[in-house]
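# A closer look at the structure
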Amino acid sequence: MKEIKNFIDPNEAQYLIRMIDRYAEKSMVVGAGKNANQYSLSRTSYTANLVANDPTVESIHRKIAKYLGLNIKKGESLQGQRYEVGQYFRDHQDYFKGDSYDRNCLSSGNRTYTFMLYLNHDFKGGSTNFPHLRKEVSPEQGKALVWNNLQHGVPNEYTTHGGTEVTNGTKYIITSWWRENIWDGVGDQKEYEKKLKS
């Protein structure tokens, strides 16, 4: 896990905050069985799917790909999250396992890296906590946080993390996930349906 200060500038951060506010909807988590996605008390934030062909979004996505040394086609579309007072995301992993792996990874492969960007720090609470590493990261505008979800192709349990409760103000972040193969959500769904029929 690594912290990178000033990965984006304040103007980019403010631009992304406005976009998140424009598109934010109640966050969901990956479900099991027939429930592909569902609401959960473990995650109480808001999520916005960012406009992929927006010049600022595209530029930042390419910058992340370059930093990781990965083909940008392996990156999922960028998402923004907004946490208001009292909101949080309990401890979880970003990699997929079990039925959620079959549903989301049969074409794209698992998530290899998570690249998180803090867009502001004018709030209280809302740190990113890694319990197995005994590490708590404080938000700082423009700072990036990156970690590997897989270790030699095996899920890395040490990347279990959570977003602690915001106690004052509003927290904004960007999350960028990267796959083993070219990201293909439609292909993942088709392969999953084929497996169900076999």
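Just above, that's the structure.
Overview of the structure. (Residues numbered from 1 in each chain as written. Predicted model: local features only at pLDDT ≥ 70, side-chain atom pairs only at ≥ 80, totals over all residues. Heavy atoms only, no water.)

### Description of the environment of Ala48
When you line up the elements, Ala48 lands in strand β5 (residues 46–49). Spatially, the C-alpha atom of Ala48 lies 8.1 Å from that of Arg22, the residues being 26 residues apart in sequence. Once residues lying within four places of it in the same chain are set aside, the contact partners of Ala48 are Ile20, Tyr23, Ala24, Leu78, Gln79 and Gly80. (Helix = DSSP H or I, 4+ residues; strand = E, 2+ residues; numbered from the N terminus. Contact = heavy atoms within 4.5 Å.)

### A short note on the packing of helix α1 (residues 10–23) against helix α2 (residues 55–68)
Closest axis-to-axis distance for the α1/α2 pair is 10 Å, and the angle between their directions is 120 degrees. The orientation of α1 relative to α2 falls into the category oblique. Handedness of the crossing formed by α1 with α2: left-handed. Each of Glu12, Tyr15, Leu16 and Met19 in α1 lies in contact with α2, whose residues at this interface are Thr56, Val57 and Ile60. For the contact of α1 with α2, a count of residues per class yields five nonpolar, one polar and one charged. (Axes fitted to C-alpha atoms, helices over the stretch in contact; angles between N-to-C directions. Parallel < 35°, antiparallel > 145°, perpendicular 65-115°, else oblique. Left-handed = near helix turned anticlockwise from the far one by under 90°. Nonpolar A, V, L, I, M, F, W, Y, C, P; charged D, E, K, R; others polar.)

### Let's talk about the sheet that holds strand β11 (residues 135–137)
Read from one edge of the open sheet, four strands run β7-β15-β10-β11, paired in antiparallel fashion. Across the chains shown, the open sheet's two edge strands, defined by having one partner strand only, are β7 (89–92) and β11. Sheet twist, expressed as the average angle between the axes of neighbouring strands with direction ignored, equals 15 degrees. Summarising the sheet, strand β10 (residues 128–130) and β11 pair through three bridges and their orientation is antiparallel. Its bridge partner being in β11, Phe130 is matched across the sheet by Lys135. (Pairing = 2+ DSSP bridges.)

### Considering α2
Between its first and last C-alpha atoms α2 spans 20 Å; for 14 residues at 1.5 Å apiece the expected length is 20 Å, and the two agree. Buried within α2 are the following residues: Val57, Ile60, His61, Ile64, Ala65 and Leu68. What you see down the axis of α2 is that its buried residues fit within an arc of 140 degrees, all on one side. Those residues of α2 that are exposed and aimed more than 90 degrees away from the buried face are Pro55 and Lys66. Its buried side turned inward, α2 meets α1, β8 (111–118), β12 (144–148) and β17 (171–179). Residue Asp54 occupies the N-cap position of α2, its side-chain oxygen lying 3.0 Å from the main-chain nitrogen of Thr56. Positive backbone phi, approximately 70 degrees, marks Gly69, located one or two places after α2. (Expected span 1.5 Å × (residues − 1). Buried < 20%, exposed > 50% of the residue type's maximum accessible area, 1.4 Å probe, protein only. Arc of directions from axis to C-beta. Polar contact = N/O pair within 3.5 Å; in protein donor to acceptor, adjacent residues only side chain to side chain.)

### Focus on the layout of surface pockets
The calculated volume of the second largest pocket comes to roughly 190 Å³. Looking at the second largest pocket, the residues that line it are Leu50, Ala52, Val57, Glu58, His61, Arg62, Ile72, Gly75, Ser77, Leu78 and Trp183. (1 Å grid on protein atoms, 1.4 Å probe; cavity = no way out; pocket = protein on both sides within 12 Å on 5 of 7 lines; lining within 4 Å. Points joined across faces, edges and corners; volume = space filled by probe spheres on them.)

### Examining the pattern of salt bridges
Two side chains that carry opposite charge are able to pair once their charged atoms sit near each other. Evaluated as defined, the whole model comprises 11 salt bridges. Taking the shortest distance from any N to any O, the salt bridge between Glu76 and Arg111 comes out at 2.8 Å. Here Arg111 lies in strand β8 and Glu76 lies in the loop between α2 and β6 (79–83), a separation of 35 residues in the sequence. Note on accessibility: Glu76 and Arg111 belong to one class, buried. The salt bridge partner of Lys195 is Asp102, with a shortest N-O separation of 3.1 Å. Of this pair, Lys195 sits in helix α4 (residues 185–197) while Asp102 sits in helix α3 (residues 99–105); the two residues are 93 residues apart in sequence, bridging distant segments of the chain. Residue Asp102 is classed as buried on the basis of its relative accessible area, which comes to 18%. Overlapping salt bridges bring together Glu3, Lys135 and Lys143 as one network. (Salt bridge = Lys/Arg side-chain N within 4 Å of Asp/Glu carboxyl O.)

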